[in-house]
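Listed here are the chains, written in short residue letters.
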Amino acid sequence: QERISRYKRKKCMRLVSMQGTSEPNNVLADLPVVLEASSAPLVQALKSTAEQDVACFHFPGHNRGKAAPNLSNLTGPGAFLHDLPELPELDDLFSPKGAILDAQAEAAKLFGASETWFLVGGTTCGIQASIMATCCPGDVLILPRNAHISATSGLVLSGAVPKYILPEYNSCWDIAAGIRPSQVEAAIKELEEVGKTAAAVLITSPTYHGICSNLNEITKVCHSRCIPVIVDEAHGAHFRFHPNFPSTALEQGADLAVQSTHKVLSSLTQSSMLHMSGNLIDTERISKCLQMLQSSSPSYLLLASLDSARAQLGKNPDAIFCDAVNLSLETRKEIGTTAGVSLLDLSSFLSGFTAIDPLRITLGVSQLHISGYMADEVLWEGHRIIPELVGSSSLTFVINLGTSRKDIQRLILGVKNLSRNFFNGNKIKSDVWNGVRAPATYSSMQLSPRDAFFAKKRRVNIRESVGEICGELICPYPPGIPVLIPGEVITEEALSYLLRVLRMGAAIRGAADQQLSSILVCRI
């Protein structure tokens, strides 16, 4: 108690010193002292702390940039000056009472949440924490088979058992869509028929390609049975900030929504937010799970970037994306009339999906008889254009707050040159591309992801692995959708798809042997 008291007094004295007061007696009489409100409270606290004239005998070792390595030549001295540890005036991420608490409260207000947590482990740790907070070992989690790899790691960490729903799949595009409410209801009823109840339902909306599920109906189905809904909304953090955007997950009744603030919004890479609504999930359990998953030494640069990105949006939330939306519409109009290329939209799938993100432009190149990987190389070599996502038959481009008209003009020119060079085989000779199809079905789970992860393994030749139980998570990345999951039986169809996209230029994540000449299988 004495130690805590000294810490509180020390913190209070520092805060008053930051405000220009040097009378400790007044400080003690007026506990607690609260910093003056700021449009970005954590940014202001970090700035004020970095400006202090102090002798530092604490971590990190670069000592506020005085011993910064050569990286400071790249980032400038400010990055190291503001790279500070958990000093009292900067608050504590895992027990916030000051600037972080205020910053998270401002974020919750702007994003329409009852509570918001800042994440320095990306949306990955938010998904993992959401699963751990709602599922105990042996519980069933309903989720789409094209969920991100973070959902699989969440299953391993929690010990939950997956019940997968197969999303609609367009083989011409080699792209999966979202999940329909009827599929969720059917999965719940199938569990009820065998005396089980889903502990939670996880939905990915929007998908990497911007396709949105009908979360409003899905949450109604789940909440009628008191089943919480977790939404991986990594690609939809911007949805609240323009009338042309789809409705947010929270607006449609989701209990938890995890957003990558660093994707379409402007925070630093690896920073995200977890938003909560309703009362089906214990907030304390969420906090404890996040503390287990995140670093005990969180980066205040990442945390401040979340606060700053929120303040940026808050200045003009209704109009900040107007220019980006207009640029996207113009781009679609220009590219849509280009011979040999097509644009992904809701008509590419059966009915049941409510919207598609207007800032995602997914370009199909199969009519050019080239793969998306080859198109990516051509756009890079000829125009220095970098897409967000490369698929077997498509490229996805994302318009954001920093996109300029010059960028758009370069993209349009690059796409027209693709058409000119490859449509009808003109000018540049290319091998006829016959397309690639993801597995139409997935094999049954023989072990839970957790049991398979911890099982003893052996390495076998890839061609001899059919029928074995997969011991590792294997997926092309991006987008990070697993083709093989620990515990599943390896099929010829899954192997053929992986080897095909590998030959086409895809990167393979999760496999110990990234060239896929061998694979780890479970010893049982």
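Everything below is about the structure printed above this text.
Conventions and cut-offs
Residues numbered from 1 in each chain as written. Predicted model: local features only at pLDDT ≥ 70, side-chain atom pairs only at ≥ 80, totals over all residues. Heavy atoms only, no water. Helix = DSSP H or I, 4+ residues; strand = E, 2+ residues; numbered from the N terminus. Buried < 20%, exposed > 50% of the residue type's maximum accessible area, 1.4 Å probe, protein only. Contact = heavy atoms within 4.5 Å. Pairing = 2+ DSSP bridges. Axes fitted to C-alpha atoms, helices over the stretch in contact; angles between N-to-C directions. Polar contact = N/O pair within 3.5 Å; in protein donor to acceptor, adjacent residues only side chain to side chain. Core = buried A, V, L, I, M, F, W, Y, C linked by side-chain atoms within 4.5 Å. Expected span 1.5 Å × (residues − 1). Salt bridge = Lys/Arg side-chain N within 4 Å of Asp/Glu carboxyl O.

**What to know about the overall build of the protein chain**
Then comes step 1: What the protein chain contains, in helices and strands, is 17 helices and 19 strands.
Then comes step 2: Counting across all 524 residues of the protein chain, residues that qualify as buried make up 52%.
Then comes step 3: Within the protein chain, residue pairs in contact and separated by at least 24 positions form 71% of the contacts whose partners lie at least 6 positions apart.

**A short note on the sheet that holds strand S15 (residues 394-398)**
Then comes step 1: Judged by pairing direction, the sheet is antiparallel, and its four strands sit side by side in the order S11-S13-S15-S14 without closing on themselves. Where the open sheet ends on each side, the last strands, each with one partner, are strand S11 (342-343) and strand S14 (389-390).
Then comes step 2: Here S14 runs beside S15; their pairing, made up of two bridges, is antiparallel. Bridge pairing links leucine 389 to threonine 396 in S15.
Then comes step 3: With respect to the sheet, helix H13 (residues 322-336) is in contact with S11 and strand S13 (360-364), its orientation differing from that of S13 by roughly 10°.

**Comments concerning the side chain of glutamine 294**
Then comes step 1: By the secondary structure assignment, glutamine 294 is in the loop between helix H11 (283-293) and helix H12 (300-315).
Then comes step 2: Judged by its relative accessible area of 8%, glutamine 294 is buried.
Then comes step 3: Within polar-contact distance, the side chain of glutamine 294 engages the backbone nitrogen of valine 120 at 2.6 Å.
Then comes step 4: Polar side-chain contacts of glutamine 294 include one of 3.4 Å to the backbone nitrogen of glycine 121.
Then comes step 5: Those residues in contact with glutamine 294 that sit more than four places away from it in its chain are Leu93, Phe94, Phe118, Leu119, Val120, Gly121 and Cys125.

**Re the pairing of strand S8 (residues 229-232)**
Then comes step 1: Residues Val229 and Val231 line one face of S8 and the alternating positions Ile230 and Asp232 line the opposite face, and both faces are buried.
Then comes step 2: Two strands pair when backbone bridges link them, and strand S6 (residues 198-204) and S8 are joined in this way by four bridges, in the parallel orientation. By the bridge assignment, threonine 204 is partnered in S8 with aspartate 232.

**Structural notes on the nonpolar core**
Then comes step 1: Counting 79 residues, the largest nonpolar core has Phe321, Leu484 and Ile519 as the members making the most contacts within it.
Then comes step 2: Tallying contributions element by element places helix H17 (residues 492-504) first for this core, with eight residues.
Then comes step 3: Residues in contact with phenylalanine 321, not counting those within four places in the same chain, are His238, Phe241, His242, Phe245, Val264, Leu265, Leu313, Leu359 and Leu401.

**Here's the deal with unusual backbone geometry**
Then comes step 1: Residue phenylalanine 59 is joined to proline 60 through a cis peptide bond whose omega torsion reads 0°.
Then comes step 2: Of the consecutive residues serine 205 and proline 206, the connecting peptide bond is found in the cis state with omega at 5°.
Then comes step 3: Its location among the elements puts proline 206 in the loop between S6 and strand S7 (211-212).
Then comes step 4: In this structure, arginine 64 is a non-glycine residue whose phi angle is positive, near 55°.
Then comes step 5: Examined against the element boundaries, arginine 64 turns out to sit in the loop between helix H3 (41-50) and helix H4 (71-75).
Then comes step 6: Its relative accessible area of 10% is what places arginine 64 among the buried residues.

**Regarding the side chain of glutamate 488**
Then comes step 1: One can find glutamate 488 in the loop between strand S17 (475-477) and H17.
Then comes step 2: Accessibility expressed as a relative area gives 2% for glutamate 488, which makes it buried.
Then comes step 3: There is a polar contact of 3.0 Å between the side chain of glutamate 488 and the side chain of arginine 145.

**Here's the deal with the environment of serine 518**
Then comes step 1: Residue position: serine 518 is located in strand S19 (residues 518-522).
Then comes step 2: Overall, the relative accessible area of 10% leaves serine 518 in the buried class.
Then comes step 3: Placed 54 residues apart in sequence, serine 518 and glutamate 464 show a C-alpha to C-alpha distance of 8.8 Å.
Then comes step 4: Apart from the residues within four sequence positions on either side, serine 518 is in contact with Arg459, Val460, Asn461, Ile462 and Asp513.
Then comes step 5: At 3.2 Å, the side chain of serine 518 forms a polar contact with the side chain of arginine 459.

**Considerations on helix H6 (residues 99-111)**
Then comes step 1: Here H6 contains 13 residues, and its C-alpha end-to-end distance of 18 Å stays within 8% of the 18 Å for a straight helix at 1.5 Å per residue.
Then comes step 2: Residues Ala99, Ile100, Ala103, Gln104, Ala107, Ala108, Leu110 and Phe111 constitute the buried set of H6.
Then comes step 3: Packed against the buried residues of H6 are H3, strand S1 (115-119), strand S9 (256-259), strand S10 (272-276) and H12.
Then comes step 4: At the C-terminal side of H6, glycine 112 shows a positive phi close to 75°.

**Topic: the sheet that holds strand S3 (residues 161-165)**
Then comes step 1: Strand order across the open sheet formed by seven strands is S1-S10-S9-S8-S6-S2-S3, with mixed pairing between neighbours. The sheet is open, and its two borders are formed by S1 and S3, each paired with just one other strand. For this sheet, the mean angle separating the axes of adjacent strands, direction not counted, is 20°.
Then comes step 2: Lying over the sheet, helix H10 (residues 215-223) contacts S6 and S8, oriented at roughly 150° with respect to S8.

**As for the pattern of salt bridges**
Pairing between side chains of opposite charge can happen when their charged atoms approach one another.
Then comes step 1: A full pass over the atoms with the stated rule returns 14 salt bridges.
Then comes step 2: Glutamate 488 serves as the salt-bridge partner of arginine 145, at 3.0 Å between the closest nitrogen and oxygen. Taken together, the positions of arginine 145 in the loop between strand S2 (140-144) and helix H8 (149-158) and glutamate 488 in the loop between S17 and H17 put the pair 343 residues apart, joining distant regions of the chain.
Then comes step 3: A relative accessible area of 2% places arginine 145 in the buried class.
Then comes step 4: Note that arginine 458 and glutamate 468 form a salt bridge whose closest N and O atoms lie 2.7 Å from each other. Taken together, the residues span a long stretch of sequence, with arginine 458 in strand S16 (residues 457-461) and glutamate 468 in the loop between S16 and S17 at a distance of 10 residues.
Then comes step 5: Judged by relative accessible area, arginine 458 falls into the partly exposed class, the value being 29%.
Then comes step 6: The exposure class assigned to glutamate 468 is partly exposed, which follows from its relative accessible area of 21%.

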